[in-house]
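For reference, the chains in residue letters:
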Amino acid sequence: MPQIPYNSPPEQVSPFSHVPVLHTTVLTVLAPKPGERVLDVTLGLGGHAQLFLDAIGPAGTLTGLDTDERNLAVARRQLEGRGAAEFLHASFLDLPALNLPAVDILFADLGLSSPHLDDPARGFSFRFDGPLDMRLDASKGMTAEELILRSSAEELGHIFADYGQFAGSMRLGRVLAGSHIATTFDLKSAVEKAFGFKGKALLPQIFQALR
């Protein structure tokens, strides 16, 4: 289903700053030119989009997609007045349904962004205590807390085995199944209790699997 352009109120803007990590790639490899049309399917906080807009100038256009409404709010504020840009609350998986016009450049910076990891309220990292959410799009889908609560031991074991790839995945599935693990530190504590001194080393793989 096509998404409407996103307009977020100012109070939802995130305090996190962003420095684009693919600066050289954007400017030299993709070499955007004045007047071109760009589709950024992982808009994030708008760092790469800003580079595109500066390069394509007032005659060019940019469409930015992101599943995270807070990212869209930040990007919209940062890019205001920099050129012709529209913002869609959508995933790149939605592209076939969006019926967007042809573009000269399609850009995707795949992976988890540092603002997600650094915000305790998102629950992506075991470094901070916060609600065990882990959703990129907070407007839909189950939180990691709900996933653990609703999944069987076997289902959780397969999740940890397939996406975390560590010994003891089925064991952890049995430990967590049906449990009310409300926060990141709750999960951290359960893992360390189940695996003892080895638990700390397993945390990156376990959180990766749930993400």
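Residues numbered from 1 in each chain as written. Predicted model: local features only at pLDDT ≥ 70, side-chain atom pairs only at ≥ 80, totals over all residues. Heavy atoms only, no water.

Draft legend 1. Structural detail: the confidence of the model for the chain. With 87% of its residues at a pLDDT of at least 70, the chain reaches an overall mean of 84. Across the chain, the secondary-structure element scoring lowest on mean pLDDT is helix 5 (residues 114-118), at 69, and the one scoring highest is strand 1 (residues 37-40), at 96. Low confidence marks residues 1-18, where pLDDT is under 50. Its contacts with residues over four positions away, or in another chain, come to 37 contacts. (pLDDT = per-residue confidence, 0-100. Helix = DSSP H or I, 4+ residues; strand = E, 2+ residues; numbered from the N terminus. Contact = heavy atoms within 4.5 Å.)

Draft legend 2. Summary view of the nonpolar core. Of all hydrophobic cores here, the largest spans 24 residues; its most connected members are Ile148, Phe160, Leu172, Leu176, Leu187 and Ile206. Breaking this core down by element, the ones donating at least two residues are helix 6 (144-150), helix 7 (153-163), helix 8 (169-176), helix 9 (184-195) and helix 10 (199-210). The element contributing the most residues to this core is helix 10, with six residues. Not counting the four nearest positions on each side in its chain, Leu187 is found in contact with Leu132, Ile148, Leu176, Ile181, Ile206, Phe207 and Leu210. Core analysis: the next-biggest nonpolar cluster, separate from the first, contains 15 residues, Leu43, Leu62, Ala75 and Leu79 among them. (Core = buried A, V, L, I, M, F, W, Y, C linked by side-chain atoms within 4.5 Å. Buried < 20%, exposed > 50% of the residue type's maximum accessible area, 1.4 Å probe, protein only.)

Draft legend 3. Fine view of helix 10. Compared with the 16 Å implied by 1.5 Å per residue over twelve residues, the 16 Å span of helix 10 between its first and last C-alpha is a close match. Of all the residues in helix 10, the buried ones are Gly199, Leu202, Leu203, Ile206, Phe207, Ala209 and Leu210. Here the buried residues of helix 10 occupy an arc of 145° about the axis, which is enough to place them on one side. Elements that come into contact with the buried residues of helix 10 comprise helix 6, helix 7, helix 8 and helix 9. (Expected span 1.5 Å × (residues − 1). Arc of directions from axis to C-beta.)

Draft legend 4. Inspection of the packing of aromatic side chains at higher detail. Considering all chains together, one arrives at four aromatic pairs under this definition. Between Phe126 and Phe207, the aromatic rings sit 5.4 Å apart at their centres with planes inclined by 65°, giving edge-to-face as the arrangement. Pair noted here: Phe126 is in the loop between helix 5 and helix 6 and Phe207 is in helix 10, with a separation of 81 residues, a long-range link. Overall, Phe207 belongs to the buried group, its relative accessible area being 0%. Of the aromatic side chains, those joined through ring pairs into one cluster are Phe160, Phe166 and Phe195. Across from the ring centre of Phe185, 5.0 Å away, lies the NZ or CZ of Lys188, which sits over that ring. (Phe/Tyr/Trp six-rings, centres within 6.5 Å; stacked < 30°, edge-to-face > 60°. Lys NZ or Arg CZ within 6 Å of the ring centre and 35° of its normal.)

Draft legend 5. Structural detail: a nonpolar patch on the surface. Side chains of Phe92, Leu93 and Leu110 sit close together on the surface and give an oily, nonpolar patch of about 340 Å² of accessible area. The residue Phe92 is located in the loop between strand 3 (84-89) and helix 4 (95-98) in this model. Taking relative accessible area as the criterion, Phe92 reaches 37% and is therefore assigned partly exposed. (Patch = residues over 30% accessible without salt bridge, like charges linked within 9 Å, V, L, I, M, F, W, Y side chains within 5 Å. Areas by Shrake-Rupley, 256 points an atom, 1.4 Å probe, with all protein chains shown as cover. Salt bridge = Lys/Arg side-chain N within 4 Å of Asp/Glu carboxyl O.)

Draft legend 6. Structural view of the side chain of Asp133. Note on placement: Asp133 falls in the loop between helix 5 and helix 6. A distance of 2.7 Å separates the side chain of Asp133 from the side chain of Arg135, its partner in a polar contact. Those residues in contact with Asp133 that sit more than four places away from it in its chain are Arg122, Gly123, Thr143 and Ala144. (Polar contact = N/O pair within 3.5 Å; in protein donor to acceptor, adjacent residues only side chain to side chain.)

Draft legend 7. Structural detail: the packing of helix 8 against helix 9. Where helix 8 contacts helix 9, the axes come no closer than 11 Å and their chain directions differ by 125°. Compared by their axis directions, helix 8 and helix 9 come out oblique. Note that helix 8 runs across helix 9; the crossing there is right-handed. Listed contacts from helix 9 to Arg171, Leu172, Val175 and Leu176 of helix 8 are Leu187, Ala190, Val191, Ala194 and Phe195. Looking at the contact of helix 8 with helix 9 residue by residue, the class counts come to eight nonpolar, no polar and one charged. (Axes fitted to C-alpha atoms, helices over the stretch in contact; angles between N-to-C directions. Parallel < 35°, antiparallel > 145°, perpendicular 65-115°, else oblique. Left-handed = near helix turned anticlockwise from the far one by under 90°. Nonpolar A, V, L, I, M, F, W, Y, C, P; charged D, E, K, R; others polar.)

Draft legend 8. The pairing of strand 2 (residues 61-66), seen in detail. With respect to burial, strand 2 is a largely interior element, five of its six residues being buried. Of the pairings in the sheet, the one linking strand 1 to strand 2 comprises four bridges and is parallel in character. Bridge pairing in strand 2 places Arg37 opposite Thr61. Following the chain from strand 1 across helix 2 (residues 47-56) to the adjacent parallel strand 2, one finds a crossover that is right-handed. For the handedness criterion, the β-α-β arrangement of strand 2, helix 3 (residues 69-79) and strand 3 is classed as right-handed. (Pairing = 2+ DSSP bridges. Right-handed = clockwise from strand over helix to strand, strands pointing away.)

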